[in-house]
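The chain contents come next:
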Amino acid sequence: MNEAILQLKDIHSHIGSHHILQGVSLTIKKGVPTTILGRNGAGKTSTLRTIMGLNPLTSGDITFLGDSIGGKKPYEIARKGIGFVSENKVVLSELTVEENFRLAMINESEKSWQLMEKVWELFPDIKKFWKAKAGNLSGGQKQMVSIARSFVDERPLLLIDEPAKGLAPIIVDHLGEVLKQIKDKTTVVLVEQNFHMASLVGEQYFILDDGRTVHQGKMEDLVLNEEVKKKYLGIG
Ligand SMILES: Nc1ncnc2c1ncn2[C@@H]1O[C@H](COP(=O)(O)OP(=O)(O)OP(=O)(O)O)[C@@H](O)[C@H]1O
Ligand SMILES: [Mg+2]
């Protein structure tokens, strides 16, 4: 059995008087791409933000590779080896595509440039627009830059919030393949509304509803489970 890379035990999070997360528990196993599903407002983004220390953890435990990271600062959590691509897919508009990538290369090592070569191969548009100002790219191109930036520093864990949103179907498939291929180096946790992408990448799934974990299992079982898909995801 794979060891756990990330574990959330009954986490709660409050923002002001709002009790946003009300008992999220997840175990992400090393090398097992995992999808977090749930309808709008279920608490998916809040869960990723709480893991990253961007939203407050009011109770419960978060452990990464056996160390408790609950209550640590976002930069401390990132430095431990957790990458995060946020829901709004920010790029630094005033900088070129090249500068956006160089900013993401923590040490700008030979290894980073080897990974960069791979990114160019996978997303030829990124090479094409290398010297362009990131702010001038189309929405989908910005999204690609924002996601691909997380591939140049090979972190053990990568959290990505809705990568498929706004991308053309062919790019979604392509990106899905990439996210599957990196599993030996990087365990990917994907929040995804696009069930095709979710089932393409995820081997394990968790469903959140009303800020709680309500279902979990193997993706291959969920694909066939019409009742659960209908009840919690409104599909089928
Ligand atoms: N800063 C905030 N202040 C108050 N309520 C918030 C805040 N952030 C999120 N919420 C609420 O918390 C709940 C969970 O939001 P969250 O963004 O985690 O949902 P989600 O599962 O990512 O949804 P979506 O699929 O629409 O992105 C929602 O009801 C949302 O309105
Ligand atoms: Mg969200």
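Higher on the page you've got the structure.
In this report, we go over the structure that sits alongside the text.

About the thresholds
- Residues numbered from 1 in each chain as written.
- Chains lettered and ligands numbered in written order.
- Predicted model: local features only at pLDDT ≥ 70, side-chain atom pairs only at ≥ 80, totals over all residues.
- Heavy atoms only, no water.
- Near = heavy atom within 4 Å.
- Polar contact = N/O pair within 3.5 Å; in protein donor to acceptor, adjacent residues only side chain to side chain.
- Areas by Shrake-Rupley, 256 points an atom, 1.4 Å probe, with all protein chains shown as cover.
- Phe/Tyr/Trp six-rings, centres within 6.5 Å; stacked < 30°, edge-to-face > 60°.
- Helix = DSSP H or I, 4+ residues; strand = E, 2+ residues; numbered from the N terminus.
- Buried < 20%, exposed > 50% of the residue type's maximum accessible area, 1.4 Å probe, protein only.
- Lys NZ or Arg CZ within 6 Å of the ring centre and 35° of its normal.

**A few points about the site of ligand 1**
As a matter of local geometry, ligand 1 sits amid 14 residues, with Lys44, Thr45, Ser46, Glu87 and Gln193 nearest to it. Backbone polar atom of Ala42 to an oxygen atom of ligand 1: 3.2 Å apart, as the coordinates give it. For ligand 1, an oxygen atom lies 2.7 Å from a polar atom in the side chain of Lys44. For ligand 1, the accessible surface in isolation is 640 Å², of which the surrounding protein chains cover 62%.

**Quick look at the packing of aromatic side chains**
Evaluated as defined, the whole model comprises four aromatic pairs. For the ring pair Phe101 and Trp130, a centre distance of 5.7 Å and an interplane angle of 35 degrees mean the geometry is tilted. With Phe101 in helix α3 (residues 97-104) and Trp130 in the loop between α5 (124-128) and α6 (139-148), this pair connects stretches of sequence that are 29 residues apart. Owing to a relative accessible area of 0%, Phe101 belongs among the buried residues under this scheme. Look at Trp113 and Trp130: their rings are 6.4 Å apart centre to centre, the planes differ by 75 degrees, and that puts the pair in the edge-to-face class. Of the two residues, Trp113 is situated in helix α4 (residues 110-122) and Trp130 in the loop between α5 and α6; the sequence distance between them amounts to 17 residues. Here the aromatic cluster, defined as three or more aromatic residues joined through ring pairs, consists of Phe101, Trp113, Trp120 and Trp130. Taking NZ or CZ as reference, Lys127 lies 4.3 Å from the ring centre of Trp120, over its face.

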